[in-house]
Amino acid sequence: MNRVIVVGGGASGMMAAIAAAREGADVTVLEAGRKPGRKLLLTGNGRCNLTSLDPDLASRYASVGPEDCKSFVSEVLDRFCAADTIRLFEEFGLLTMTEHGSWVYPVTGRSESVLNVLLRELQRLHVRLKYNVEVTGIDRTENEWQVCTDGWSYPCDSVVLCCGSRAVPSTGSNGTGYELCRGLGMDVTDILPALTAVRCRISQEDCLVFDAGRQKADPLRSASGTRIRADVRIYADGELLACESGQVQFTQEGISGIVIFNLSRYAVRALHEGCDVTLTLDLLPGYDPDDLNRFLARQQELHPDEDLRDLLAGILPPDLTGLFDPLKSIDETVSRIKRLPLQALGLRDFENCQVCAGGVSLHEIDPASMECVREDLKGIYIAGELADVDGPCGGYNLQWAWSSGYTAGKHAAGDGVTC
């Protein structure tokens, strides 16, 4: 019977432990916190969007490194797909429901339901769960691995590292897993916050900063709290990186919302590489510029004494009109509505992001098993956020946790150290 140590009691760690135990391994989970699944409870605003039925799932993931992320992720997802996830959770006793065509939630609408059935399955399989255990290092002897903590050393045949990222460190994700991997000699790419709000300003060349010698109020700050549906595009050094459509929220520092979270993954990489990153917002998607031009021209005819900005009252939220001061012509106004330019300054910090971009480089990992490819690291497996893979909002990152965790746990149970 193979002895498997799983480091980390999050989504990928619990799934890896279940998969290994189902293969007959003797499994122990070492969790640094006082309870497992703390970040899992936060997902989907507490509802746990546990997977996505997106037919092109693999193409939505990204990697900081230069590897072909899509082919790597495709191979892992093919071995344990979204349908497999739903079937397995049904075995655990969880019923699911689908919203908006592809977002899968527990029918209870509560993330606790997902955690509870995972814990029940771990108990059924006699997996040992040890809490408040911080792993300090991993060493290899002639015939086995030793997982070291401050007070003990756990001998085993295989180790599955599911330590999470640096996102939301208050849940226990402090980034120590990266240091364990670096200590083993693995290549770990730069760790960056992702799936979070973008700090930005109106592009300076398009914004009047001073008026009669006095600095004007920041128009984005005056728009804080306003939500609007928009088409958003992101550019790096003028090259289009990605586009998304949906609700955008203006904040004190910039813009937020699921659309912006998804685009932030591209923004943080480009900013890290020193690129000039800009975003454009179409505030009235679906309306032709020429039609808007004629509409505003007619309003100007009907209300000749009103300021041009006042004519926007019926087409934009009032708190956004500050974005259109001091425009002088209808053409300029329509251009700003259809292509509001924003200069990206940065992202919010790790405490305020949902996942991280970066991690163990994919060239270190065999996608068929999630085992490290180097001969001196055989018996070490990587799963979940620790790998350099991140997806958008909507169940993608949890599906990656289930798929990579299941694959790693299943193979860890049957392989182990070979000398």
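Before reading on, note that the structure itself is shown above.
Residues numbered from 1 in each chain as written. Predicted model: local features only at pLDDT ≥ 70, side-chain atom pairs only at ≥ 80, totals over all residues. Heavy atoms only, no water.

J.: So what exactly am I meant to see when it comes to the sheet that holds strand E19 (residues 340–347) here?
T.: Strands belonging to one sheet form pairs held by backbone hydrogen bonds; the direction of such a pair is parallel or antiparallel. Spatially, the 6 strands close up into a barrel ordered E12-E17-E16-E15-E18-E19, and their pairing is antiparallel. Adjacent strand axes in the sheet meet at a mean angle of 45°, parallel and antiparallel pairs treated alike. Pairing of strand E12 (residues 198–202) with strand E17 (residues 254–256) involves 2 bridges; the strand directions are antiparallel. Counted as the bridge partner of Arg199 is Gly254 from E17. Contacts from helix H7 (residues 258–272) reach E12, strand E15 (227–236), strand E16 (239–250), E17, strand E18 (277–282) and E19, with the element oriented near 140° to E16. Helix-sheet contacts for helix H9 (residues 330–338) involve E18 and E19, and the interaxial angle to E18 is about 110°. (Pairing = 2+ DSSP bridges. Helix = DSSP H or I, 4+ residues; strand = E, 2+ residues; numbered from the N terminus. Axes fitted to C-alpha atoms, helices over the stretch in contact; angles between N-to-C directions. Contact = heavy atoms within 4.5 Å.)

J.: Explain the nonpolar core to me, please; I cannot follow it from the model alone.
T.: Counting 88 residues, the largest nonpolar core has Leu40, Phe89, Leu161, Ile382 and Trp402 as the members making the most contacts within it. Beyond its immediate stretch of four places on either side in the chain, Phe89 contacts Met15, Leu50, Leu94, Val114, Val117, Leu118 and Trp402. Listed in part, the 52 residues of the second largest apolar core include Ile260, Leu320, Ile337 and Leu340. (Core = buried A, V, L, I, M, F, W, Y, C linked by side-chain atoms within 4.5 Å. Buried < 20%, exposed > 50% of the residue type's maximum accessible area, 1.4 Å probe, protein only.)

J.: Before we go on, may I ask you to explain the sheet that holds strand E7 (residues 135–140) in this structure?
T.: Strand order in the open sheet formed by 3 strands is E7-E8-E9, with antiparallel pairing between adjacent strands. Of all strands in the sheet, those with a lone pairing partner are E7 and strand E9 (153–156), marking the two edges. Neighbouring strand axes in the sheet, compared pairwise and without regard to direction, differ in orientation by 20° on average. Summarising the sheet, E7 and strand E8 (residues 145–149) pair through 5 bridges and their orientation is antiparallel. Note on E8: the bridge partner recorded for Asp139 is Gln146.

J.: Explain the pattern of salt bridges to me, please; I cannot follow it from the model alone.
T.: Oppositely charged side chains can pair when the atoms bearing their charge come close. In the structure shown here, the tally under the stated rule is 20 salt bridges. In this structure, Lys39 engages Glu385 in a salt bridge whose closest nitrogen and oxygen atoms are separated by 3.4 Å. Residue Lys39 is located in the loop between strand E2 (26–30) and strand E3 (51–52), and its partner Glu385 is located in the loop between strand E23 (380–382) and helix H10 (396–414); the two are separated by 346 residues in the primary sequence. Between Arg47 and Glu99 there is a salt bridge, with its nearest N and O atoms 2.6 Å apart. Of the two residues, Arg47 sits in the loop between E2 and E3 while Glu99 sits in strand E4 (residues 96–99), which places them 52 residues apart along the sequence. A relative accessible area of 27% means that Arg47 is categorised as partly exposed. Each of the salt bridges in this network shares a partner with another, and the network as a whole consists of Arg22, Glu91, Glu121 and Arg124. (Salt bridge = Lys/Arg side-chain N within 4 Å of Asp/Glu carboxyl O.)

J.: Please clarify how the packing of helix H2 (residues 69–79) against H10 should be interpreted in this entry.
T.: Geometry of a packed helix pair, given as the angle between the helix axes and the separation of the axes. The N-to-C vectors of H2 and H10 enclose an angle of 75°; their axes lie 9 Å apart at closest approach. If you check the angle between H2 and H10, you find them roughly perpendicular. Listed contacts from H10 to Phe72, Val73, Val76, Leu77 and Arg79 of H2 are Gln399, Trp400, Ser403, Ser404 and Thr407. Residues of the contact of H2 with H10, tallied by class, amount to 5 nonpolar, 4 polar and 1 charged. (Parallel < 35°, antiparallel > 145°, perpendicular 65-115°, else oblique. Nonpolar A, V, L, I, M, F, W, Y, C, P; charged D, E, K, R; others polar.)

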